[in-house]
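Coordinate inspection notes
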Amino acid sequence: MFYRAAATLSLLALLSACGQPQEETTGDGLPETVTWSEHIAPLVYRECTPCHRPGHAGPFSLMTYQDASRRAQLLAAVTESRFMPPWPADIGYSTFVGQRHLTNAEIALFKRWAVQNAPEGDLSQAPPAPVYPEGSTLGKPDFVVKIDKPVQIPGDNEEHFWIVKIPFELPRATYLKAVEYVPGHRRIVHHMNGHLINYEPGKKRDVYGGIRHVDPLLMGYAESYQRLDLPNDDGSYPALTTSVMNYLPGMQPVVYPQGIGGWPIATKGVFLLRDIHYAASPVDTQDAAYLNLFFSPDPPERPTQEIQLGTLGISEIEPALIIPPDTIMTFRTQAMVMQDISLLTLNPHMHLLGKSYWAYAITPRSDTIPLIRIPKWDFRWQYNYTFPKMLKLPAGSTVYVEGVFDNTRNNPNNPFNPPRTVREPEGNMRTTDEMFQLIITYLPYKAGDENISLSGK
Ligand code: HEC
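Residues numbered from 1 in each chain as written. Predicted model: local features only at pLDDT ≥ 70, side-chain atom pairs only at ≥ 80, totals over all residues. Heavy atoms only, no water.

1. Quick look at helix α4 (residues 104-115)
An ideal rise of 1.5 Å per residue puts 16 Å on 12 residues; α4 measures up with 17 Å between its terminal C-alpha atoms. All of the buried residues along α4 are E106, I107, L109, F110, W113 and A114. The arc enclosing the buried residues of α4, seen along the axis, measures out at 150°, which places them on a common side. Residues N104 and V115 are exposed on α4 and point more than 90 degrees away from its buried face. (Helix = DSSP H or I, 4+ residues; strand = E, 2+ residues; numbered from the N terminus. Expected span 1.5 Å × (residues − 1). Buried < 20%, exposed > 50% of the residue type's maximum accessible area, 1.4 Å probe, protein only. Arc of directions from axis to C-beta.)

In structure tokens form, the structure reads like this:
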């Protein structure tokens, strides 16, 4: 089980407040004068400041009028192009917890505000700047695991995809309901999928041995795991609990309702961040992350299950995932559901050549159930998409996934110029290789599941 593919759990959510109603509109429905206080601040606080605030992922803060007004033109440009807020899934196709979106009318407000030279309006009417919780977004953790040696990131202006080890010892074995990953250096931590290794009693004397990070591209996974000192003392491999946490800037982890999901956790173990994506840094820096652990006294009543379609999964990709240079190709994979299941979270995955992504299911009665459509794949924004309520797929339904890959020069993310043949490798995965996957987190269906909210509300 240890060499299973990278799988990712879900967990995302962000509360979105409502924009304010507008009065005194002109013929196009827009207000005569667009002001920060009345129109722009509510949108910025809803859609932008989760990332654009001091010490967070956005390259600058947008918390104040001064911050935003200096960049009014840029704000208008990135909202109009829909580069920001980043949310690649088509919200007209399916709905997910924490989704971000500006309507066309809201985008027009940004534009008019810029054209009018960013009026401030009556600051006393402006909504108060949001206050974000420090330390944890989920409440008071039961236990905090800090990485004992910060990860050192060289100032080489390169992106890094690393495996990072965070060892821990707990006073006693228990059950884990949720893990919240808190990066030490938010500006450079881009995304992270994390797994749990529990050492059985007596199998591992010292969990703190080995180094803290490796580059699996340089040495392969087997060597990487040795250097991190992951094997048991007798050289055998411990089991891996996949997908216990997941991180993307600005997203709050989704915690499934009471009784759903969760994992046993031993007294000694390792959280394995595989992989973590660090953005390029021009200066040497370090990342001292910590993990907030939330326990449950009882084993999960309904442990979640995970299935992977496509690369390293249960279903073949047709044709085989080989993308010749200068082509745009479509690949498909499908799998039938043998029992009634309830879907919780989807994790679509492709690499740099991904262009678009589409998944849906067809039931035995020929009804189509939309799952997710990503019209413009963006490697940088790989969300785990959680449905607002559990979604039932009846036995006999087939899940279809279609991925389009662009291996031409017109793809700005193409890692090769001139383009080369890119394929799904048999051994070690590199970012410049391709993958085509749908990872589904689900439960065996129970009557009433479709009424169970996953949005934390
Ligand atoms: C989920 C986190 C997140 C949210 C939400 C977000 N941003 Fe960003 N923003 C980023 C990151 C990260 C970058 C850096 C760009 C990159 O590397 O892709 C960025 C870059 C930008 C830039 C610079 C673009 C450039 O070309 O230099 C602007 C302007 C911007 N964001 C505006 C906004 C606005 C306006 C909103 C809300 C409508 C918003 N962002 C919401 C994370 C976010």
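On we go from here.
2. Structural notes on the packing of aromatic side chains
Scanning all chains against the criterion turns up 21 aromatic pairs. Ring plane angle 40° and centroid distance 5.1 Å describe the contact between F96 and F387, whose orientation is recorded as tilted. Taken together, the positions of F96 in the loop between α3 (72-80) and α4 and F387 in strand β18 (residues 385-393) put the pair 291 residues apart, joining distant regions of the chain. On the accessibility criterion, F387 (5% relative accessible area) is buried. Note on Y357 and F436: the rings are 5.9 Å apart at their centroids and 70° apart in plane angle, and the pair reads as edge-to-face. With Y357 in strand β16 (residues 354-362) and F436 in strand β21 (residues 436-444), this residue pair connects regions lying 79 residues apart in the sequence. Taking the relative accessible area as the measure of exposure, Y357 reaches 1% and is therefore buried. What links up through ring pairs into an aromatic cluster is the set W87, F96, W381, Y383, Y385 and F387. Sitting over the ring of W358, R373 keeps its end group 5.4 Å from the ring centre. (Phe/Tyr/Trp six-rings, centres within 6.5 Å; stacked < 30°, edge-to-face > 60°. Lys NZ or Arg CZ within 6 Å of the ring centre and 35° of its normal.)

3. Digging into the pattern of salt bridges
Side chains bearing opposite charge may pair, as long as their charged atoms lie close to each other. One pass over the full model with this rule turns up 12 salt bridges. Across the pair K203 and D234 runs a salt bridge whose closest N-O atoms are separated by 3.8 Å. On the criterion of sequence distance, the pair formed by K203 in the loop between β5 (189-198) and β6 (213-214) and D234 in the loop between α5 (216-227) and β7 (240-247) is long-range, its members being 31 residues apart. Classification of K203 by relative accessible area gives partly exposed; the value is 29%. The shortest N-O distance in the salt bridge between R302 and D449 comes to 2.9 Å. On the criterion of sequence distance, the pair formed by R302 in the loop between β11 (290-296) and β12 (305-310) and D449 in the segment after β21 is long-range, its members being 147 residues apart. On the basis of relative accessibility, which here comes to 12%, the residue R302 falls in the buried class. For D449, a relative accessible area of 2% corresponds to the buried category. Sharing partners across several salt bridges, the network here consists of R46, E47 and E106. (Salt bridge = Lys/Arg side-chain N within 4 Å of Asp/Glu carboxyl O.)

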